[in-house]
Amino acid sequence: PRSTPLYSSAASDVYKRQVSTQSTWDMVMQRAIKLLVQENPMMDVVAKVSQSFLRKYNLPLNATVAATPQLMPIYEELTKNFKCDFRPAGSAFNTLKACQHVIKSKHPSSTVFMGSIGNDRYGKKLKEKIKKDGILDCLYTHQNLHTGVCAVLLNEDNRCLVPNLGAACVYPDSLANAQWNMVERTERYYSTSYFLETNYRALKRAADYAASKGRPVYFNLGAQKWVTRYAEELLSILPSVRGIIGNTEEVLELSKHIAGEETDIETALQLISAKQCSKQKQGQFIIATNSSKSTIIAELRNKKFTIAELPTQKIPKEQIKTTNGAGDTLAGGLLGGLITGLDLTQSLKLGQQLAFHYIQSSDGSLPAVDLK
């Protein structure tokens, strides 16, 4: 597997000084941590723009364009000249927000987000909004890097994303060491393929530790191209992973790296399941969304491997506000259900319910959840 560059202990020392002044730190240390998420915190800056604005920056519709020096002014222009909605974002945060929403009545403020931000207005807004969502943050503040930000440019039914990762993808080993007591205390651990590039070693160490203690490790495949790029790293952590979440394209891509050839979806699920959670061999599952048609559940329980399919409730096109983050929201509902004691099928149905509402919401709000 690729190695992430080592950093000095300076980040660890600074982090300890930062958290010593945070009131949330005391809260984290006093409460049971139901779910710890380790990934790349981002701030979405969402605005409706015109075609002329997109042409000004030479941006195509329905694409993701990494920020270049020529695109850097876009963030300042948006905040100065447009009505912007600032939303904490990133795949893992979307999942964590939905999970905390589900469990808040039974387990208020019992989820933790670990990662890196910058010392700027976006970082401050990010922390404020995370707190409002009932999530405890253990975010390290880099003094010389900016907070990860993504311009979400909406034009009628189209969008263009312009991400600038900054501090979000800088998580040194020294910082992972400083935050290790959070990993030791959590009851469950979650990350995604995006964090494999940020710090593969930190992810694998945390996953292996949690699995060695019999605690569930959940992993989101993230995107097909990331599965391809980091297949070797991904395969190395599978023995510690109890629950895998992704779509059918990502599952098929991962299977191809196991089998050495393309397979059908049923074979793919069986091959991946055989690699999962090798120390426990019970309770592992794979959730694979199949576009807007259905969601597949593959589960190994009591040494019996089963595959089932849950249909997805149809949404009229005119009622769809966004699909960005819908899969992450489903994952959060699923994990929230499992934490509150629902079985896998019930938890997935809850995740589908949250995603169904989220897709039709213009502000990313989630419906009330009745766990009775």
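Presented here is a report on the structure given in the accompanying data block. Note that the coordinates shown come from a computational prediction; the quantities given were computed from them, not determined experimentally. In this numbering scheme, every chain counts its residues from 1 along its sequence in written order. Only residues with pLDDT of at least 70 get local features here, since the model is predicted, and only at 80 or more are side-chain atom pairs given and counted; chain-wide, interface and lining totals rely on the full set of residues. The side-chain values count all of the structure's non-hydrogen atoms but skip hydrogen atoms and water molecules.

What follows covers the packing of aromatic side chains. The aromatic pairing rule takes the rings of Phe, Tyr and Trp, using the six-membered ring of Trp, and pairs them if the centres are within 6.5 Å, calling planes under 30 degrees apart stacked, those over 60 edge-to-face and the rest tilted. Scanning the model with the defined rule gives 9 aromatic pairs in all. Geometrically, the ring pair formed by Trp226 and Tyr230 is stacked, given 5.6 Å between the ring centres and 10 degrees between the ring planes. In this pair, the class of Trp226 matches that of Tyr230, namely buried. Taken together through their ring pairs, the aromatic side chains of Phe53, Tyr57 and Phe82 make up a single cluster. Geometrically, a lysine NZ or arginine CZ counts as sitting over a ring once it is within 6 Å of the ring centre and also within 35 degrees of the ring normal. Over the face of the ring belonging to Phe86 we find Lys125, whose NZ or CZ atom lies 4.6 Å from the ring centre. Just above the ring of Trp180 sits the side chain of Arg205; from NZ or CZ to the centre is 3.8 Å. Per-residue accessibility, obtained with a 1.4 Å probe over protein chains only, is compared with the maximum for each type, and a residue is labelled buried under 20%, exposed over 50%, and partly exposed between these values.

The next subject is the sheet that holds strand E6 (residues 136-142). Strand order in the open sheet formed by 9 strands is E6-E5-E1-E9-E10-E11-E12-E13-E14, with mixed pairing between adjacent strands. Edge positions in the sheet fall to E6 and strand E14 (304-311), since each has one partner strand and no second. The sheet shows a mean angle of 15 degrees between the axes of neighbouring strands, taken without regard to direction. Should DSSP find at least two bridges between two strands, the strands are regarded as paired. Going along the chain from the N terminus, every DSSP run of H or I of four or more residues is numbered as a helix, and every run of E of two or more is numbered as a strand. The pairing of strand E1 (residues 35-38) with strand E5 (residues 111-118) spans 4 bridges and is parallel. Bridge pairing in E5 places Val37 opposite Phe113. Sheet strands in contact with helix H15 (residues 344-359) are strand E12 (284-290), strand E13 (294-301) and E14, and its direction is about 155 degrees off that of E13. Lines are fitted to the C-alpha atoms to define the axes, a helix being fitted only along its stretch in contact, and any angle between axes, read from their N-to-C directions, falls within 0 to 180 degrees. Residue contacts are defined here by distance: any two heavy atoms, one from each residue, within 4.5 Å place the two residues in contact.

Between helix H5 (residues 91-103) and helix H14 (residues 326-339), the shortest axis-to-axis distance is 7 Å and the interhelical angle comes to 40 degrees. In terms of orientation, H5 lies oblique with respect to H14. H5 and H14 meet at a crossing whose hand is right-handed. Packed against H5, whose contacting residues are Ser91, Asn94, Thr95, Ala98, Cys99, Val102 and Ile103, the element H14 presents Asp328, Thr329, Ala331, Gly332, Gly333, Leu335, Gly336, Gly337 and Ile339 at the interface. Classes in brief: Ala, Val, Leu, Ile, Met, Phe, Trp, Tyr, Cys and Pro nonpolar; Asp, Glu, Lys and Arg charged; the others, Gly included, polar. Taken together, the residues that form the contact of H5 with H14 break down as 7 nonpolar, 8 polar and 1 charged. Any angle from 65 to 115 degrees is called roughly perpendicular, while one under 35 is roughly parallel, one over 145 is roughly antiparallel, and all others are oblique. Each crossing gets its handedness from the near helix: less than a right angle anticlockwise from the far helix is left-handed, clockwise is right-handed.

As far as function goes, none of this settles anything; it's purely spatial.
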